[in-house]
Structures are given as C-alpha cells and as structure tokens.
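Breakdown of the fold
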Amino acid sequence: MEYEAAVKGPLKLKGIANKDIQKKLKKKNKEKVKNEGESSKPKESNETPVSYKQPVVKTKAQLKFEQMKEEQQKKRILEKASKTHKQRLKWNTVRCFTQTCSINSDASLCQNATSLKDDQLADIKESEIKEISDPLRFPDYFGVRKLFRVKDLFDARVHYGHKDGTLDPNMKPYIFGSRLGHLIFDLDKTAKMLQDALNFTAHIAYRGGIILFVSHFPQHTLTVENAAKQAGEYAHAREWDFHIFTNSEKVYNGVTRLPDLVILLSTLNPQMQEHTAVKDAAKMCIPTIGIVDSNSNPNLITYPVPGNDDSPAAVQLYCNLFRDAILLGKSKKPVVST
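Residues numbered from 1 in each chain as written. Predicted model: local features only at pLDDT ≥ 70, side-chain atom pairs only at ≥ 80, totals over all residues. Heavy atoms only, no water.

- For the chain, the name recorded in an unreviewed UniProt entry is Small ribosomal subunit protein uS2m, with Daphnia sinensis as its organism.
- Checking UniProt for the chain, the heading Subcellular location (unreviewed entry) contains the comment "Mitochondrion".
- Of the chain, the UniProt comment under Sequence similarities (unreviewed entry) reads exactly: "Belongs to the universal ribosomal protein uS2 family." (UniProt positions renumbered as here; feature names shortened; annotations may be inferred.)

Structure follows, in structure tokens:
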C-alpha cells in the first residue's frame, strides 16, 4: 500500500516510499562494486608457469674471456690518451717555432729547445724537429706579410692603371673600376698576389738561388740596380738581348748557370710590346714574377702582380719589398759549420 500510494495515491506517503527506494539502490550499488573488485583481483592458481627462466651460470672460460675484453678496452683507451698527449706536445713545439719566425733560424731553434721541458724533448725525435723547422710547412715562414699594408700600396699609387680603351681582356678580374677615364686596380687582390710573390722570392733566396731583376725603362735603371746590389743579387736594366737565356753557351763561350727566378718590374718594353725576357724565361722553364699593368698580358707570368709599373714611387716600393724579402730569406739560411 505504501508503494502504491507513493506512485498513484496521496502525497502523504511519498517521502517514506522514496527513502525505501534509495536504500534498495544503495544496496545494489554496493553489491556491484564488490563484484567488480573481486573480478579485478588476480586469481590464485597453484599451477606452475609454462615458461620458466633458469639462472645463467657462466663457466670459467667465459669469465676469462670477459676479463680479456675489459683489459683490451682499457689498453685502447690508454693508447688513445697517449697519442693525444703526444700530438699536443708536437703542436706546442710548432707554436714555439711559429712565434719565433722573425728571428734567425739557429737562434730560434736554440730558444725553442731551451723553452721545452725534458719530457717533451724525450718524446719528440730529431727528425720530427727538422720537419717542424722546415719553411715549406708554414704559409708565411719568413714573415713577408708584415712588410707592407694596403695603405702603403695606395700611397705609392699602385692602384692607377691606364686609360679605359687600353685594357687587356686577361686583366679584367683584377680591375676594381674606372675613375675619370682611368682604370683602378683592386688593391685587396694586388696585396694577396704580392704576398705570394714575396714569399716565393724569400724561399728562392733561402735555398741559395740566383735572382735577376729585369727592367727596360731608363728612368728606373738606378733604382733597380741599387735594389739588386743591396740584396746581393743581379740586375739587367738595359736593352735585352734575346740570346741571353736561349743561347747563353755561345754568347758567353762556356757553360752558364741561368737564374732561378726573374723579377720583371715591367712586362712591357718602351715600345709597349711584351718584354722578350717573358717569352725566353717561359721557354727555359724559369719562374717569373712580373708587375702587370692594365695593358699587359699576365698569362706567361708565374706570379703576376697587378699594379702600376710606370710611376717612380710604385717601382721604388716594389724594389724595396723584393730586396727585403731576399734579405729575410738569406738571414734564415742555416750556417754550415766547417
């Protein structure tokens, strides 16, 4: 009657019926939660698992093999560490030699040998020290780059070229532009190529080679001859005889030694034609350094230096630089003890 009254009948029995329904629902919910908890728990089974991992037992031979592997790895690590240590010591000696490049070779070797420790000298052999002191292993062993700056080239008017219509097609890569109808050289490129030429000159002087200064312009005769005389080398500032290189035995009536390097302060003659020494040196396989103006052809020159070859200030600068490079190379020549 209470339930029916709650559903159909009067409102007096409604609150009692609702309480009974809520109690029944709570019981059902508790039973559901219990059933779900029991189903989630793992079932206890007395059955033994099918796949059972047995403990690995190593034999004595396997243990020894593993110990040998560990020892080999340790040896490899120690060898790598010792190699890196030796390399660092070698590079330290290289730095010592490079720092004293501006000093004479014998004095620098003595100073570097005294500055090193006994352990470092024991690790490095004499042959390795000779290799380190070899000038061919360094880009600027003689310190030629310190002889000039780009401003010095600008002050000597090296950047001035000839007029626009006289440009040789092979000289286009070295031209910066034109100003008031005159061509202007790129001095950054000129400086790099001049450094290479000076470095090569110093190496020739270091090896005891013969260097010949060549110029055909009368206004530069004295400057060229004085520079060659101060450097202890030779100069030819007169009219060129085409038999000097190609037929020297008959001209001088005997076996002659040709120069090891020819420095051409101008690759043109006063008639604005290519100097005969350029072709003759190329025929006899003699390396050449040439100051190449905007109206010159640099193809046959071993070390071309683009720049002005007419103004006295520029020619004086070239002569001074090549003279200093020769003297630097000769100063570092090893003295043979008798």
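**What about the packing of aromatic side chains?**
- If you walk through the whole model with that rule in mind, you get 5 aromatic pairs.
- On the numbers, 5.1 Å between centres and 75° between planes, the contact of Trp-240 with Phe-245 is edge-to-face. Taken individually, Trp-240 and Phe-245 each receive the classification buried, so the pair is uniform in this respect.
- Members of the aromatic cluster, connected to one another through ring pairs, are Phe-138, Tyr-141, Phe-142 and Tyr-206.
- Positioned above the aromatic ring of Tyr-141, the side-chain terminus of Lys-332 is 4.6 Å from the ring centre. (Phe/Tyr/Trp six-rings, centres within 6.5 Å; stacked < 30°, edge-to-face > 60°. Buried < 20%, exposed > 50% of the residue type's maximum accessible area, 1.4 Å probe, protein only. Lys NZ or Arg CZ within 6 Å of the ring centre and 35° of its normal.)

**Considering the packing of helix 9 (residues 221–231) against helix 13 (residues 312–331)**
- Here helix 9 crosses helix 13 at 10°, and the two axes come no closer than 9 Å. Comparing the axis directions of helix 9 and helix 13 gives the class roughly parallel. Touching Thr-223, Val-224, Ala-227, Gln-230 and Ala-231 of helix 9 are Val-315, Gln-316, Cys-319, Arg-323, Ile-326, Leu-327 and Lys-330, all from helix 13.
- Each residue belonging to the contact of helix 9 with helix 13 can be placed in one class, and the counts come to 7 nonpolar, 3 polar and 2 charged. (Axes fitted to C-alpha atoms, helices over the stretch in contact; angles between N-to-C directions. Helix = DSSP H or I, 4+ residues; strand = E, 2+ residues; numbered from the N terminus. Parallel < 35°, antiparallel > 145°, perpendicular 65-115°, else oblique. Contact = heavy atoms within 4.5 Å. Nonpolar A, V, L, I, M, F, W, Y, C, P; charged D, E, K, R; others polar.)

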